Each structure stands twice: as C-alpha cells, then as structure tokens.
Amino acid sequence: MSNKVWVIIPAAGVGARMQADRPKQYLPLLGKTVIEHTLDCFLSHPAVTGIVVAVSRGDPFWAELMATTLNQYSQLHTAPGGRERSDSVLNALNYLVDTLQIAPETGVLVHDAARPCLSRTDLDKLLAIGGNQTAGAILATPVRDTMKRAQVDATRISHTEDRNGLWHALTPQMANVGLLRTALAAAWEKGVVVTDEASALEHAGLHPVLVEGDARNLKITRPADLALATFFLSATP
Ligand SMILES: Nc1ccn([C@@H]2O[C@H](COP(=O)(O)OP(=O)(O)OP(=O)(O)O)[C@@H](O)[C@H]2O)c(=O)n1
Ligand SMILES: C[C@](O)(CO)[C@H](O)COP(=O)(O)O
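None of these values were measured; they are calculated from a predicted model.

Trainee: With reference to specific residues and values, describe the site of ligand 2.
Mentor: Neighbouring ligand 2 are Arg17, Arg85, Asp112, Arg115, Ala169, Thr171, Thr195, Asp196 and Lys219. One of the side-chain N or O atoms of Arg17 is found 3.1 Å from an oxygen atom in ligand 2. Contact between ligand 2 and Lys219: an oxygen atom at 2.7 Å from a side-chain N or O atom of the residue. When the free accessible area of ligand 2 is taken as 360 Å², the share hidden by the protein chains comes to 74%. At a threshold of 2 Å from the grid points, most atoms of ligand 2 map onto the largest pocket. A class-by-class count of the residues in the shell around ligand 2 yields one nonpolar, two polar and six charged.

Following this line, the structure appears as structure tokens:
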C-alpha cells in the first residue's frame, strides 16, 4: 500500500441524540463548525490525497461551507449519504472507485465528522501502523470502567462483563479501498448491520489491528460532549 491515502468523512447523520437545531457536525465550536475542525487534521496532512465527504442530499449547511470557508480546497469531494452510516461510507467508496477510478489497493481512512478532536499524533500513528496491515487497523482506547450488562428491562444490572480485552472503537479506521468496499457490500447483502468499518472486516473473517489512541478523540453524540470537545481543543498546544 502506498503511503498516500484517501479519507472518507461520513457526515450525513441527523444528530438526533444531540437534540440541536441542526445536525451536530454543523454546530459551532470555537469559532467554526465541528466538521471544519474535523477536516483540518486531514486537509493539512501531506499523506492525504483527497477527502470524500458523505452528506445528505440537499444538506444546506454543507453547500454553505463549500461556497465559503471550504471553497479553496480542491481535494474535497462529496458523495451522497445513505440511510445508515455504513451506507454513507459504501457510497463514498463507490464514488472513489467508480467516479474517481481510485485503485483498489489504495489506502483509505474513514473518520466520523463528529470527531473533531483527532490529534495529528494519533493520525500519524495510525498511518504508520495501518499502512502495511492487510486486515486493516483502527484507533481505539481500552475500556476503563467496570462494564455492566443490563437486564432486559434495562433498569437493573444483570451481571458484570469481563472488561479485560475490551476496547472502545474510535475513528479513523483504515483499510484498502477494494477490501473495505467488498466487506461493506457483503455485509449489506447479508443484511448485517455494521456500526463501524472494522465490523465489516471482521464479518469477512479478518482481524484488524488495534492502535491505541487518545481518549480525547471523542465522538460528539450528546449535548454535554460539545463542552468536552471545546475544552480538549482549547487545551491542546
Ligand atoms: N446515515 C448516516 C448516519 C451517520 N453518519 C455519520 O456517521 C458519524 C457517526 O454517527 P453518529 O454519531 O451516530 O451520528 P448521527 O447518526 O448523526 O447521530 P444520531 O444517532 O444521534 O442521530 C457522524 O459523523 C454522522 O454524521 C452518516 O454519515 N450517515
Ligand atoms: C464508528 C464509531 O464511531 C466507532 O465507535 C461508532 O460505531 C459510530 O456509531 P454510531 O452509532 O453511528 O454513533
């Protein structure tokens, strides 16, 4: 795999859990939108050839950014979002192969638009380790807390899960274009719901590498997460 990669940014979610007046990737954060912070890490990286952002059809916020603050970046492309996150990612992969004719052995990173706190250090670490992994690689952090399995009615504890060997999957998640496209398409064909790229690779019988990353690379999901992201981005040098 060459050391140059493409990046896919799934940004077609509605952010229901955020309960905001717009999708969370477009919420203001330290003077610009969440997604602009997310893109910053990749737009300035020498190993990144281009970026495909999967957005909902008719998304007015993305169109506004592309007409203003992002209009100078020729390496930015857009693909249609899908019903699920995995559909958005597959649409972007199909755009890379069918429209841009990107070779299947090209490396690709998939990173949530809602994760604006990715550090350059972690990105470089993933690129260095993931660049030669045939089964893919993901940023992840070991579980810290005691993990409880709820009873069916979700009000009481059923039992405690063994947390040894449990990790939080983060993004970016890295593989080559052809492998990931085939794995996601196969999962879709089988009706298997996958919530990250590694799940599709696992369903294909692969075991992606775990690359320990910084727990501050949080996914903005609920209202309190925006204040955390603000703190993390304000505190970094
Ligand atoms: N059909 C979808 C659903 C999600 N995403 C993107 O995938 C990332 C992670 O998904 P999540 O945090 O679940 O975002 P939402 O689906 O928007 O959140 P919610 O589940 O609260 O609606 C986000 O950047 C989101 O924009 C996407 O591109 N296409
Ligand atoms: C891809 C991901 O961020 C890894 O933890 C997570 O699976 C996204 O899940 P969501 O339900 O779409 O937020």
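Text resumes after the structure shown.
Trainee: Give a detailed account of the UniProt feature "site: Positions MEP for the nucleophilic attack" (unreviewed entry) in the protein chain, specifying residues and quantitative values.
Mentor: When the UniProt feature table is mapped to this numbering, "site: Positions MEP for the nucleophilic attack" (unreviewed entry) covers Arg163 and Lys219. In the annotation above, Lys219 are the residues that line the largest pocket. With respect to the element layout, Arg163 can be found in the loop between strand 9 (157-161) and strand 10 (167-176). Beyond its immediate sequence surroundings of up to four residues, Arg163 is in contact with Val143, Arg144, Asp145, Thr146 and Met147. Locating Lys219 in the fold gives a position in the loop between strand 11 (209-212) and helix 7 (224-235). By relative accessible area, which is 26% here, Lys219 ends up partly exposed. Apart from the residues lying within four places of it in its own chain, the contact partners of Lys219 are Arg17, Lys24, Asp112, Ala114, Arg115 and Asp225. Within the local environment of Lys219, its side chain forms a polar contact with the side chain of Thr221, the two groups lying 2.8 Å apart.

Trainee: Residues and numbers for the UniProt feature "site: Transition state stabilizer" (unreviewed entry) in the protein chain, please.
Mentor: With numbering aligned to this structure, UniProt lists the feature "site: Transition state stabilizer" (unreviewed entry) at Arg17 and Lys24. Lining the largest pocket, from the set of annotated residues above, are Arg17 and Lys24. Assignment of secondary structure puts Arg17 in the loop between strand 1 (5-10) and strand 2 (28-29). Sequence-distant contacts of Arg17, defined by excluding residues within four places in its chain, comprise Lys219, Thr221, Arg222 and Pro223. The residue Lys24 is located in the loop between strand 1 and strand 2 in this model. Every residue in contact with Lys24, bar those within four places of it in the chain, is listed here: Gly15, Met18, Val34, Ala114, Lys219, Ile220 and Thr221.

Trainee: How would you summarise the layout of surface pockets if you had to cite specific residues and measurements?
Mentor: Estimates place the volume of the largest pocket at around 770 Å³. Taken together, 29 residues line the largest pocket, and the ones lying closest to its centre are Arg17, Lys24, Arg85, Asp112 and Lys219. Residue assignment for the lining of the largest pocket shows that the elements contributing at least two residues are helix 3 (85-99) and strand 10. Split by residue class, the lining of the largest pocket holds 11 nonpolar, nine polar and nine charged. Approximately 340 Å³ is the volume attributed to the second largest pocket. Along its surface, the second largest pocket is lined by 17 residues, and Thr141, His168, Leu170, Ala215 and Leu218 are the ones closest to its centre. Of all the secondary-structure elements, those providing two or more residues to the lining of the second largest pocket are strand 7 (137-142), strand 10 and helix 7. Split into classes, the residues belonging to the lining of the second largest pocket amount to eight nonpolar, three polar and six charged.

The rules behind the values
- Residues numbered from 1 in each chain as written.
- Chains lettered and ligands numbered in written order.
- Predicted model: local features only at pLDDT ≥ 70, side-chain atom pairs only at ≥ 80, totals over all residues.
- Heavy atoms only, no water.
- Near = heavy atom within 4 Å.
- Polar contact = N/O pair within 3.5 Å; in protein donor to acceptor, adjacent residues only side chain to side chain.
- Areas by Shrake-Rupley, 256 points an atom, 1.4 Å probe, with all protein chains shown as cover.
- 1 Å grid on protein atoms, 1.4 Å probe; cavity = no way out; pocket = protein on both sides within 12 Å on 5 of 7 lines; lining within 4 Å.
- Sits in = over half its atoms within 2 Å of the grid points.
- Nonpolar A, V, L, I, M, F, W, Y, C, P; charged D, E, K, R; others polar.
- UniProt positions renumbered as here; feature names shortened; annotations may be inferred.
- Helix = DSSP H or I, 4+ residues; strand = E, 2+ residues; numbered from the N terminus.
- Contact = heavy atoms within 4.5 Å.
- Buried < 20%, exposed > 50% of the residue type's maximum accessible area, 1.4 Å probe, protein only.
- Points joined across faces, edges and corners; volume = space filled by probe spheres on them.

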